[in-house]
Amino acid sequence: MRIAVFTTCLADALYPAVARATVTLLERLGHQAVVPADQTCCGQMHLNTGYWARGLPVVRHHVETFEAALDSCDAVVAPSGSCVGSVRHQHAMVAARYDDDALAERATAVAGRTYELSELLVDVLGVTDVGAWFGHPVTYYPTCHSLRMLRVGDKPVRLLRAVQDIDLIELPGADSCCGFGGTFALKNEATSSAMLTDKVAAVTSTGAQVCSAGDSSCLMHIGGGLSRLRTGIGTLHLAQILASTREHPCPVPEPRRPARRRPSLPGAAR
Amino acid sequence: MTRPMTRTVDLGMPTATGFLRGEQKFPAAAADRLTDAQLRRNLAHATGTIRTKRLRAVAELDDWEELRLAGSAIKTDAMARLPELLEQLEATVTARGGVVHWARDGVEANRIITDLIRATGADEVVKVKSMATQEIGLNEHLETEGIRAIETDLAELIVQLGNDRPSHILVPAIHRNRTEIRDIFRTAMPGAPADLGDEPRELAMAARSYLRERFLTARVAVSGANFAAADTGTLAVVESEGNGRMCLTLPRTLITVMGIEKVLPSFTDLEVFLQLLPRSSTAERMNPYTSLWTGVTPGDGPQEFHLVLLDNGRTRVLADEVGRAALHCIRCSACLNVCPVYERVGGHAYGSVYPGPIGAILSPQLTGITGPDDPNASLPYASTLCGACFDACPVRIDIPSILVELRADAVEAGHRPLPGGQDVAMAAAAWAMTDGRRWGRLIALGRLLSWRRTGFRRLPWPASIWTRHRDLPPLPARTFRQQWRDRLRRTGSGS
């Protein structure tokens, strides 16, 4: 299959390794990955903050970019439940609010062929064992939009269970929100921080070395908390674990400790 | 699919009055509550317990999803023909000997109720727990009129005696633990034993002996209503303690205050809601007491029955094609119990008597938003949009979508004279995100910070709001799309 990769703005700018892993994984499974050069963002930040008029052109840009890609591709995949949720549940709705029925129709068509990574693997490509190897203890946070907007269910966990040598540890209170919520993290920083504290405590309680999820945004939030508290626990996107093999293993992320000054002790420098 | 873009048109609709707006904006009020360790312990315990129980109660029914769909459909139908159903209800209640009163807002409702009580000569009334009377501040109003209102629901009594405000729709004293309750009873409940302990049974017995006397002497009761069937004129109250049954049957005069959205087309619709409500609210298969009454029955129960139909902003909500689904709410409070935000900050942070996810969409719609400084303007943002509320709602109110709609309404209403920092940031982001190359350049600008290989612990405002609580990873040297271009150049393939 030819599959267009919607990298998402966050992975493109901040977590290129996640997009790279998505491509690696698809190619290893014998598919051709295509990365439309003009892609930017799904517009979710604008829409969820209430900036619909500003978000509309972003939505239109996304629809046009991936509509064109779908001329030569069979599907679109994004390593994010949240961004696919926006494509599927918000794009046509926003177009309709501004009476752009043609755009709404095109958005619906693009959304119909857009999949979150675990959906693409399990539902479209029909695989749960992707031939991955990862020999470290991992706990998986299912993320709200994957769970309740896309209803991916246990697909990510089924994929992870099939990873060779993985030690998958159940996360207590997995289905409760980590407190990111886009601009919520800034507008309601105190509440967001309180929720993060509980999530970090849950992750720490598992004894895992890595916290994984299907969304870079939630992982940025949780990882930021894990790092702030010096837990030593790193984060990896689901795609990175699934892309990892014995030949090309994905290293366990060692948190690069933010320091006011560069560490000077021997062995501590990197 | 189209709908009015703004709500500035004045249709002469009644404006809400009462306890629907706090004094602080949500983020500040929430930050205050978060520091109350006792509150957070009480809430985490209570919501955690009821959550598990609700899931169990709901899982027992094979047709739960069908029931939710039915509940949603009945409510949608009722809202679509609300005027017709209300007039039908007025006719059926009147035919059975009841008297129907129409109240535009809380002020009017309070006046009607005061006059009705005065006419009986009573200066004390017993009350069944009711959100509508909480909403309009009836007790406070009656007090200024020299009439004493006694709450008979145990939790509501705790709130009243503690000079407190309810923090939950169903369990108004959820923020209190039993030791706090014992202290409230000891100091404020007439006749409470001085050595009262904090065992639940002891507390309940103390309340029982205090209330029993009130039930037997009261001449007037004031209640709310969970449902009203338009076709028969039957009112319904569901409750757990039996205090409602006492109030609804013993006094000579019964005054029921009901939001106009509570009307159902038909008596048989109760079949759906009497299954949905108890399992969602208390996680019970059936609530212990369901009282149904139709007008007046000579020689049995209250001989005078008044129904006060309350608008108080509801017509205003009804005018919004999307937001009106908030009126489908049957006040079960399942959304509060599953909400990760409510669980941590409690009900008082929301300012209104309707807290939690449903409050965040209902309160600002009932009151309208006066401007960016209106505390209720912050409520639609009091959510991470995690969707737990939608999943739990027995009538399938899509709360996350309505929250986002209300945010869009707020931005479109453009309450500010000058664009704020957020407006500028959003405009800049939209400009960059509508062109792949511009987007690349914007990231390149941000990557001026990428000399730093160790991540960020402290950044200047506004990024400081992020780094106050969390670190930020180091920025990569090249974006993924740049890496991809490099690869295409290396391999010589194009796509």
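Residues numbered from 1 in each chain as written. Chains lettered and ligands numbered in written order. Predicted model: local features only at pLDDT ≥ 70, side-chain atom pairs only at ≥ 80, totals over all residues.

What is the right way to look at the overall build of chain B in this model?
In terms of helices and strands, chain B carries 22 helices and 10 strands. C-alpha atoms of chain B, sized along the principal axes, occupy 95 × 55 × 50 Å. Taking all 495 residues of chain B together, 49% fall into the buried category. Intrachain contacts of chain B at a sequence separation of at least 6 include 76% that bridge at least 24 residues. (Helix = DSSP H or I, 4+ residues; strand = E, 2+ residues; numbered from the N terminus. Buried ≥ 20, exposed ≤ 12 C-beta atoms within 10 Å, placed from the backbone. Contact = placed C-beta atoms within 7 Å.)

What should I look at first to understand the overall build of chain A in this one?
Across its full length, chain A carries 14 helices and 8 strands. For a compact globule of 270 residues, the expected C-alpha radius of gyration is about 18 Å, and chain A comes in at 19 Å, within 12% of that figure. Taking the principal axes of its C-alpha atoms as reference, chain A extends roughly 60 × 45 × 35 Å. Put simply, of all contacts in chain A between residues at least 6 apart along the chain, 76% involve residues at least 24 apart. (Rg over C-alpha atoms; globule rule 2.2 N^0.38 Å.)

Sorry, what's going on with the sheet that holds strand E9 (residues 289-294) of chain B here?
Two modes of strand pairing occur in sheets, parallel and antiparallel, and in both the strands are linked by backbone hydrogen bonds. All names here are of chain B. Within the open sheet, the 4 strands sit side by side as E8-E5-E6-E9. Their pairing is mixed. In this open sheet, the two strands that pair with only one neighbour each are strand E8 (263-264) and E9. Bridge count for strand E6 (residues 234-239) against E9 is 6 bridges, and the pairing is antiparallel. Counted as the bridge partner of Thr 234 is Thr 294 from E9. (Pairing = 2+ DSSP bridges.)

When you look at the interface of chain A and chain B in this model, what are you seeing that I'm missing?
By a widespread convention, an interface's size corresponds to the accessible area lost as its parts come together. Taken together, the 60 residues of chain A in the interface contact 56 residues of chain B. Per element, the largest residue contribution to the side of chain A that touches chain B is 7 residues, and it comes from helix H12 (residues 189-206) of chain A. Within the side of chain A that touches chain B, the residues separate by chemical class into 29 nonpolar, 20 polar and 11 charged. (Nonpolar A, V, L, I, M, F, W, Y, C, P; charged D, E, K, R; others polar.)

How should the packing of helix H3 (residues 64-80) of chain B against helix H12 (residues 270-281) of chain B be read in this particular structure?
Helix-helix packing is described using two parameters, namely the angle between the two axes and the distance between the axes. All names here are of chain B. Contact geometry of H3 with H12 gives a least axis separation of 10 Å together with a crossing angle of 120 degrees. Put simply, H3 runs oblique to H12. Here H3 and H12 pass one another in a crossing that is left-handed. Where H3 approaches H12, its residues Leu 67, Ala 70, Gly 71 and Ile 74 are matched on the opposing element by Val 272, Phe 273, Gln 275 and Leu 276. Looking at the contact of H3 with H12, its residues break down into 6 nonpolar, 2 polar and no charged. (Axes fitted to C-alpha atoms, helices over the stretch in contact; angles between N-to-C directions. Parallel < 35°, antiparallel > 145°, perpendicular 65-115°, else oblique. Left-handed = near helix turned anticlockwise from the far one by under 90°.)

Sorry if this is basic, but what is going on with helix H1 (residues 26-34) of chain B here?
Note that an α-helix has 3.6 residues per turn; residues three or four places apart therefore point the same way. When H1(B) is considered as a whole, its buried residues turn out to be B:Phe26, B:Pro27, B:Ala29, B:Ala30 and B:Arg33. Angular distribution of buried residues about the axis of H1(B) spans 165 degrees; they occupy a single face of the element. Buried residues along H1(B) sit against helix H11 (184-187) and H12 of chain A together with helix H2 (37-59) and helix H15 (340-345) of chain B. (Arc of directions from axis to C-beta.)

Any chance you could explain the UniProt feature "domain: Cysteine-rich" (unreviewed entry) in chain A here in plain terms?
All names here are of chain A. Listed under "domain: Cysteine-rich" (unreviewed entry) in the UniProt record, and renumbered for this structure, are residues 3-86 and 138-222. The span residues 3-86 is 57% helix and 12% strand, and its two end C-alpha atoms sit 19 Å from each other. The distance from the first to the last C-alpha atom of residues 138-222 is 14 Å, and the span holds 49% helix and 13% strand. (UniProt positions renumbered as here; feature names shortened; annotations may be inferred.)

Would you mind going over the environment of B:Glu321 with me for this structure?
All names here are of chain B. Within the secondary structure, Glu 321 is located in the loop between helix H13 (314-318) and helix H14 (334-338). Classification of Glu 321 as exposed rests on a count of 12 C-beta atoms within 10 Å. In the structure, Glu 321 is positioned 47 residues away from Gly 368 in sequence and 15 Å away in space, judged by C-alpha atoms.

Explain unusual backbone geometry here, please?
A negative phi holds for most residues other than glycine; trans holds for most peptide bonds. Each neighbour pair has its own omega, and for B:Trp461 with B:Pro462 the value is 5 degrees, a cis peptide bond. Tracing the backbone through its elements, the reader meets B:Pro462 in the loop between helix H20 (436-446) and helix H21 (464-467). The phi dihedral of A:Asp99 is positive, around 60 degrees, even though this residue is not glycine. In this structure, A:Asp99 sits in the loop between helix H6 (91-97) and helix H7 (101-112). Since 10 C-beta atoms lie within 10 Å of it, A:Asp99 is described here as exposed. Of note, the phi angle at B:Ala283 is positive, near 60 degrees, even though the residue is not glycine. On the secondary structure map, B:Ala283 appears in the loop between H12 and E9.

Explain the pairing of strand E1 (residues 2-5) of chain A here, please?
Consecutive side chains of a regular strand alternate in pointing toward one face of the sheet and then the other. Residues and elements named next belong to chain A. Relative to strand E2 (residues 32-34), E1 runs parallel, the two being bridged by 3 bridges. Pairing of Ile 3 across the sheet is with Ala 33, part of E2. Sheet topology note: the E1/strand E3 (residues 75-78) ladder contains 3 bridges and is parallel. Residue pairing in the sheet places Ala 4 in a bridge with Val 76 of E3.

Looking at this model, I keep getting lost on the sheet that holds strand E7 (residues 210-213) of chain A. Mind explaining?
All names here are of chain A. Overall, parallel pairing links the 4 strands, which are arranged E6-E5-E7-E8 in an open sheet. Each of the sheet's edge strands pairs with one partner strand only, and the pair in question is strand E6 (167-169) and strand E8 (234-237). Each strand axis lies, on average, 35 degrees off the axis of its neighbour in the sheet, ignoring direction.

Could you clarify how one ought to interpret the domain arrangement of chain A in this entry?
All names here are of chain A. If you check the domain split of chain A, you get domain 1 (2-124) and domain 2 (137-243). Distance between the C-alpha centres of domain 1 and domain 2: 22 Å. Contacts between the two partners involve 26 residues from domain 1 and, on the opposite side, 22 residues from domain 2. Broken down by element, the residue count for the side of domain 1 that touches domain 2 peaks at 6 residues, all from helix H2 (residues 16-28). (Domains from an automatic or database assignment.)

Whenever I open this one, the packing of H12(A) against H1(B) confuses me. Can you help?
The geometry of H12(A) relative to H1(B) is characterised by a closest axis approach of 8 Å and an angle of 40 degrees between their N-to-C directions. One element, H12(A), and the other, H1(B), form an angle in the oblique class. Each of A:Ala190, A:Thr191 and A:Ala194 in H12(A) lies in contact with H1(B), whose residues at this interface are B:Pro27, B:Ala30, B:Ala31 and B:Leu34.

When you look at the domain arrangement of chain B in this model, what are you seeing that I'm missing?
Examined at the domain level, chain B breaks down into domain 1 (11-417) and domain 2 (427-491). Taken over C-alpha atoms, the centre of domain 1 of chain B sits 48 Å from the centre of domain 2 of chain B.

What am I meant to see in the environment of B:Leu254 here?
All names here are of chain B. Mapping Leu 254 onto the fold places it in strand E7 (residues 253-259). Classification of Leu 254 as buried rests on a count of 25 C-beta atoms within 10 Å. Between the alpha carbons of Leu 254 and Pro 302 there is a distance of 6.0 Å; along the sequence they are 48 residues apart. Setting aside residues up to four positions removed in sequence, Leu 254 forms contacts with Ala 221, Ser 223, Leu 248, Pro 302 and Phe 305.

Would you mind showing me how to read the confidence of the model for chain B here?
Reading predicted coordinates in detail is not appropriate for stretches of low pLDDT. Residues and elements named next belong to chain B. Taken as a whole, chain B shows an average pLDDT of 93; of its residues, 96% reach a score of 70 or greater. Confidence drops under pLDDT 50 across residues 1-9; counting only partners more than four residues distant or on other chains, this segment forms 8 contacts. This prediction of the complex comes with two scores: 0.93 for pTM and 0.93 for ipTM. (pLDDT = per-residue confidence, 0-100.)

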